[in-house]
Amino acid sequence: MTVTFRLSRRLGVLAVAVGVAATGLLAIPSASAQPFYETPTALPANNGDIIRSEPSIFYLDPINLIKIDANVRRILYRSTDRTGKPIAVSGTVITPKSAWFGVGERPIVGYAPGTQGLADHCAPSRQLTVGTEYEGPFVLGMITRGYAVALTDYQGLGTDGAHTYMNRVVQGHAVLDSIRAAQRLPAAGVPANGPVAVHGYSQGGGAAAAAAELAPTYAPELKLKGVSMGAVPADLSAVARTLDGSLYMAFLGYATYGLAAGYGIDMAPYLNATGKQVFADVVGKCTLEALPAAAFKKSATLTADGKPITELLANNPLFKTVIDEQRIGRIKPTVPVLISHSALDDVIPYSVGKTLASTWCDKDANVRLAPNLGPTHVGGAVASYPGAFAWLEARFAGLPALSNCWAVPFL
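Bear in mind the structure is a predicted one, so any value in this text is a computation, not a measurement.

Cut-offs applied
- Residues numbered from 1 in each chain as written.
- Predicted model: local features only at pLDDT ≥ 70, side-chain atom pairs only at ≥ 80, totals over all residues.
- Heavy atoms only, no water.
- Helix = DSSP H or I, 4+ residues; strand = E, 2+ residues; numbered from the N terminus.
- Rg over C-alpha atoms; globule rule 2.2 N^0.38 Å.
- Buried < 20%, exposed > 50% of the residue type's maximum accessible area, 1.4 Å probe, protein only.
- Contact = heavy atoms within 4.5 Å.
- Areas by Shrake-Rupley, 256 points an atom, 1.4 Å probe, with all protein chains shown as cover.
- Lys, Arg positive; Asp, Glu negative; His and termini not counted.
- Salt bridge = Lys/Arg side-chain N within 4 Å of Asp/Glu carboxyl O.
- Polar contact = N/O pair within 3.5 Å; in protein donor to acceptor, adjacent residues only side chain to side chain.
- Bend = angle between axes of the 7 residues up to and from the residue.
- Phe/Tyr/Trp six-rings, centres within 6.5 Å; stacked < 30°, edge-to-face > 60°.
- Lys NZ or Arg CZ within 6 Å of the ring centre and 35° of its normal.
- Axes fitted to C-alpha atoms, helices over the stretch in contact; angles between N-to-C directions.
- Parallel < 35°, antiparallel > 145°, perpendicular 65-115°, else oblique.
- Left-handed = near helix turned anticlockwise from the far one by under 90°.
- Nonpolar A, V, L, I, M, F, W, Y, C, P; charged D, E, K, R; others polar.
- Arc of directions from axis to C-beta.
- Pairing = 2+ DSSP bridges.

Q: How should I be thinking about the overall build of the chain in this particular structure?
A: Secondary structure summary: the chain contains 13 helices and nine strands in total. By the compact-globule yardstick of 22 Å for 411 residues, the chain fits well, its C-alpha radius of gyration being 20 Å. Relative to its 411 residues, the chain shows a buried fraction of 59%. Counting contacts in the chain only where the partners sit at least 6 residues apart, residues at least 24 apart contribute 77% of the total. Approximately 15,600 Å² of the chain is accessible, and the part contributed by carbon and sulfur atoms is 58%.

Next comes the structure, spelled out in structure tokens:
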């Protein structure tokens, strides 16, 4: 069944999907190796070059009743890791079948997904095919507006190696190169040099923010019109303090493991037997499964020295350097940015988003901070989307982006 949904219907489907997931009824994609995701011996010459692609499918629901009527292609493309080494990253390119009737050429939105998990079967390109991708309704929101979408899986999520969760540079690279890949994919039917934007929330907000900072030097040829981001984890130390012992403790495990993987750090000496077991359990689960598995655990009960992981990240010189390198806000974006954040966020404190806006404003960037009162981290995402859609539409229409830096101290 092929349908097109209004925003309210999409959000209703999202609620159903989350509810089904919470009861454990979602059909999670197989974790078995798939040849499509294997990295070839030799990679193509340029970042964003297509390694391989194949037709795919996009289901909005886990029962597979709602198939999205669009041109969906699974892709494997070249990007670079934190050190500049070429890597293969997977993703999905989705193009509406209807003609584009907006201003100029059809735009591409580089969609940076939020936290999926660390296991290969959590990759969005796999979850879209079985209707378990919780961001599906919001991706559909982009498609119904006529935009093409390039949805990255990030490094190691589906492909070889570990998923380097929260590694700022490699996440920004993966997003920007997914847009390049979409432009170079003939089957996608999108302009090779048309307008583009980036959007993401939570982990995706961090990836989108990193893309905004890195684009002028890493992908200067892209006609980037703006970057929309929500609940940006710009200061990982502050986020870690909020996560420790909370419902979202699994995210702290993801971040610690992902950062360590990106920097070649062995976490085993820092964990006790319980910590090793909890980490191994969390690493193998996607987000909706991992949250209850680690909920409300205190990290001090998991470490070898009995001190919280937050202290390790703040005081151990090795980890302190790693955390410092993930700080977002030190580079001025050269395009307009929208920062959405709920004042009631229970995962990434609102103060972190406000500080990022203030920091970029001090560098004379074009920033619009859009606070909302969506309850919790999830509610903040839902509340942010209408404004994000309208803001992106204005960028693609060529309207001026109005900064509210003057108001940030009062928001």
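Q: Is there a simple way to think about the side chain of D345 in this case?
A: Residue position: D345 is located in the loop between β8 (337-342) and α12 (350-362). Here D345 occupies a buried position and makes no salt bridge, while the nearest side chain of opposite charge, R241, is found at 14 Å. Polar contacts involving the side chain of D345 include one to the main-chain amide nitrogen of I348, which spans 2.9 Å. Apart from the residues within four sequence positions on either side, D345 is in contact with Y201, A231, T376 and H377.

Q: Teacher, can you tell me more about helix α5 (residues 203-218) here?
A: Three or four residues apart is the spacing at which side chains of an α-helix point the same way, because the helix has 3.6 residues per turn. Remark: the principal bend of α5, roughly 35°, maps to A212, with a proline, P216, within the next four residues. The buried fraction of α5 amounts to 14 of the 16 residues, a majority that puts the element mostly inside the structure.

Q: Any chance you could explain the packing of aromatic side chains here in plain terms?
A: Any aromatic ring pair is given by two values, namely how distant the centres are and how the planes are angled relative to each other. All told, the structure shown has nine aromatic pairs when counted by the stated rule. Three or more aromatic residues link up through ring pairs in this structure, and these residues are Y165, Y248, F251 and Y254. Over the ring of Y263 we find R82; its NZ or CZ atom is 3.8 Å from the centre of that ring. Over the ring of F389 we find R145, and its NZ or CZ is 3.9 Å from the ring centre.

Q: Where do I start with the packing of helix α3 (residues 136-144) against helix α13 (residues 376-396) in this structure?
A: To characterise two packed helices, one gives the angle between the axes of the helices and the distance between these axes. Where α3 meets α13, the closest approach of the two axes is 11 Å, and the angle between their N-to-C directions is 20°. On the basis of their axis angle, the class for α3 and α13 is roughly parallel. Seen along the crossing, α3 lies across α13 with a hand that is right-handed. Facing F138, G141 and M142 of α3, the residues of α13 in contact are V382, Y385, F389 and L392. Looking at the contact of α3 with α13 residue by residue, the class counts come to six nonpolar, one polar and no charged.

Q: What am I meant to see in helix α9 (residues 287-294) here?
A: Looking only at α9, the buried set comprises T287, A290, L291 and A294. Projected onto a plane normal to the axis of α9, the buried residues spread over an arc of 110° and lie on a single side. Phi for F296, located one or two positions after α9, is positive at around 70°.

Q: Explain the environment of V149 to me, please; I cannot follow it from the model alone.
A: Relative to the helices and strands, V149 is located in strand β5 (residues 148-152). V149 sits in the buried class, given a relative accessible area of 0%. Sequence separation between V149 and Y248 is 99 residues; the distance between their C-alpha atoms is 29 Å. The contact partners of V149, leaving out residues within four places of it in the chain, are T92, V93, I94, V109, Y111, V139, M142 and I143.

Q: I'm lost on the sheet that holds strand β7 (residues 223-230) in this one. Help?
A: Note: strands within a sheet are paired through backbone hydrogen bonds, in either parallel or antiparallel orientation. Sheet architecture is open: nine strands sit in the order β1-β2-β3-β5-β4-β6-β7-β8-β9, paired in mixed fashion. Strands at the two margins of the open sheet, each flanked by one partner only, are β1 (50-55) and β9 (367-372). This sheet shows a mean twist of 20° between the axes of neighbouring strands, independent of strand direction. Across five bridges, the pairing between strand β4 (residues 108-112) and strand β6 (residues 195-201) is parallel. Of the residues in β6, the one forming a bridge with V109 is A197.

Q: Hey, could you run me through the packing of helix α4 (residues 168-183) against α5 in this one?
A: With their axes 7 Å apart at the nearest point, α4 and α5 run at an angle of 75° to one another. Looking at the two axes, α4 sits roughly perpendicular to α5. Contacts between α4 and α5 involve R168, V169, Q171, G172, H173, V175, L176, D177 and R180 from the first element and Q203, A207, A210, A211, E213, L214, A215 and Y218 from the second. Classifying every residue of the contact of α4 with α5 by side-chain character gives nine nonpolar, four polar and four charged.

Q: Explanation requested: the side chain of S79 in the structure shown.
A: On the secondary structure map, S79 appears in strand β2 (residues 70-80). Given the relative accessible area of 1%, S79 is considered buried. A distance of 2.6 Å separates a polar atom in the side chain of S79 from a polar atom in the side chain of D177. Excluding residues within four positions of it along the chain, S79 makes contact with N47, K85, P86, I87, V89, H173, A174, D177 and Y218.

By themselves, these are just geometric observations and shouldn't be taken as functional.
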